[in-house]
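Examination of the molecular architecture
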Amino acid sequence: MIVVTILWKIKVEDSAPACTCLRNRLDYELLKDSFDSETPWLDSSYYSVTDVADPNFFKPVSDVDAVQAGAIGCITPRQVQIAHEIFKLSLLPHDCSQDVQKKYRLMVKRRLIKVHREELGGCESKEEKQGMLAKIFDDTLEQYKSVLRQSKKRGNVLIRSEYQ
């Protein structure tokens, strides 16, 4: 019996929305698949907690863990964090409480504040800064929801072929 595994790595550098969505979807699916592998990208504390009532459910990926996971998965630390946020969104119940939604929003916004520090720093008032951050979050959430819709609609895009 001969088993041949063919793996292609594709780097998506284009910032066009469709390319960003494709990259996020691939990273999300690869991260999720890694949880069932011999070498998961992240420590189980990041994915084993599935109860939204547990405070550890909303634990963001630390910078150190994101770097390590990125090295394993051959993606950037930022992409690890994004894939993890999409994974957590996939676990939220559709009818989750406002409190749960707020905790998720805060988890994502903490990362967005770091990423958009320069843009947010240019705001003249606290209200303007909060408004800009809210818009960035809303856009991000829509992208994440799109990734999950496409993932459910088309199934896992990762293709594995085995020849026996």
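Residues numbered from 1 in each chain as written. Predicted model: local features only at pLDDT ≥ 70, side-chain atom pairs only at ≥ 80, totals over all residues. Heavy atoms only, no water.

A count of helices and strands for the protein chain gives 6 helices and 0 strands. Reading the protein chain from its N end, one meets helices and strands in the order α-α-α-α-α-α. Across the 164 residues of the protein chain, 36% fall into the buried class. Within the protein chain, counting contacts between residues at least 6 apart in sequence, those at least 24 apart form 65% of the total. When the accessible surface of the protein chain is split by element, carbon and sulfur atoms take 54% of a total near 10700 Å². (Helix = DSSP H or I, 4+ residues; strand = E, 2+ residues; numbered from the N terminus. Buried < 20%, exposed > 50% of the residue type's maximum accessible area, 1.4 Å probe, protein only. Contact = heavy atoms within 4.5 Å. Areas by Shrake-Rupley, 256 points an atom, 1.4 Å probe, with all protein chains shown as cover.)

With that out of the way, let us pick up helix H3 (residues 77–91). With 15 residues, H3 should reach 21 Å at 1.5 Å per residue; the first-to-last C-alpha distance of 22 Å fits that figure. H3 sits mainly inside the fold: 11 of its 15 residues count as buried. Turning to H3, its buried residues are Gln79, Val80, Gln81, Ile82, Ala83, His84, Glu85, Ile86, Phe87, Lys88 and Leu89. (Expected span 1.5 Å × (residues − 1).)

In this section: the nonpolar core. With 36 residues, the main nonpolar core has Leu42, Phe58, Val80, Ile86, Leu89, Leu92 and Tyr104 as its most contacted residues. Looking at this core, the elements with two or more residues in it are helix H1 (17–34), helix H2 (63–73), H3, helix H4 (98–115) and helix H6 (126–154). (Core = buried A, V, L, I, M, F, W, Y, C linked by side-chain atoms within 4.5 Å.)

Next up on the list: unusual backbone geometry. Phi angles above zero are rare outside glycine, and Cys74 is one such case at about 60 degrees. In this structure, Cys74 sits in the loop between H2 and H3.

The next thing to look at is the environment of Leu91. Here Leu91 lies in helix H3. For Leu91, a relative accessible area of 27% corresponds to the partly exposed category. Residues Leu91 and Tyr47, spaced 44 residues apart in sequence, show a C-alpha to C-alpha distance of 10.0 Å. Not counting the four nearest positions on each side in its chain, Leu91 is found in contact with Thr50 and Phe57.

With that settled, consider H1. Over its 18 residues, H1 runs 25 Å from end to end, which matches the ideal 26 Å to within 8%, given 1.5 Å per residue. Thr20, Arg23, Asn24, Arg25, Asp27, Tyr28, Glu29, Leu31 and Ser34 are the residues of H1 that are buried.

Put simply, H3 and H4 touch, their axes get as near as 11 Å, and they point 165 degrees apart. In terms of orientation, H3 and H4 fall into the roughly antiparallel class. Taken as a pair, H3 and H4 cross one another with a handedness that is left-handed. Two secondary-structure elements touch here, H3 through Arg78, Gln81, Ile82, Glu85, Ile86, Lys88 and Leu89 and H4 through Tyr104, Met107, Val108, Arg111 and Val115. A per-class count over the contact of H3 with H4 returns 7 nonpolar, 1 polar and 4 charged. (Axes fitted to C-alpha atoms, helices over the stretch in contact; angles between N-to-C directions. Parallel < 35°, antiparallel > 145°, perpendicular 65-115°, else oblique. Left-handed = near helix turned anticlockwise from the far one by under 90°. Nonpolar A, V, L, I, M, F, W, Y, C, P; charged D, E, K, R; others polar.)

Glancing now at the packing of H1 against H3. At a minimum axis separation of 8 Å, H1 and H3 run at an interaxial angle of 75 degrees. With respect to their mutual orientation, H1 and H3 come out roughly perpendicular. For the pair H1 and H3, contact is made by Arg23, Asn24, Asp27, Tyr28, Leu31 and Lys32 and by Gln79, Val80, Ile82, Ala83, His84, Ile86, Phe87 and Ser90, respectively.

Secondary-structure assignment places Gln81 in helix H3. Classification of Gln81 by relative accessible area gives buried; the value is 13%. If sequence neighbours within four positions are ignored, Gln81 has contacts with Val61, Ser62, Asp63, Ala66 and Arg111.

This brings us to the confidence of the model for the protein chain. Summary statistics for the protein chain give a mean pLDDT of 86 and a share of 85% for residues scoring 70 or more. Looking at the elements of the protein chain, mean pLDDT is at its lowest for H1, recorded as 89, and at its highest for H3, recorded as 96. Low confidence marks residues 159–164, where pLDDT is under 50. Its contacts with residues over four positions away, or in another chain, come to 10 contacts. (pLDDT = per-residue confidence, 0-100.)

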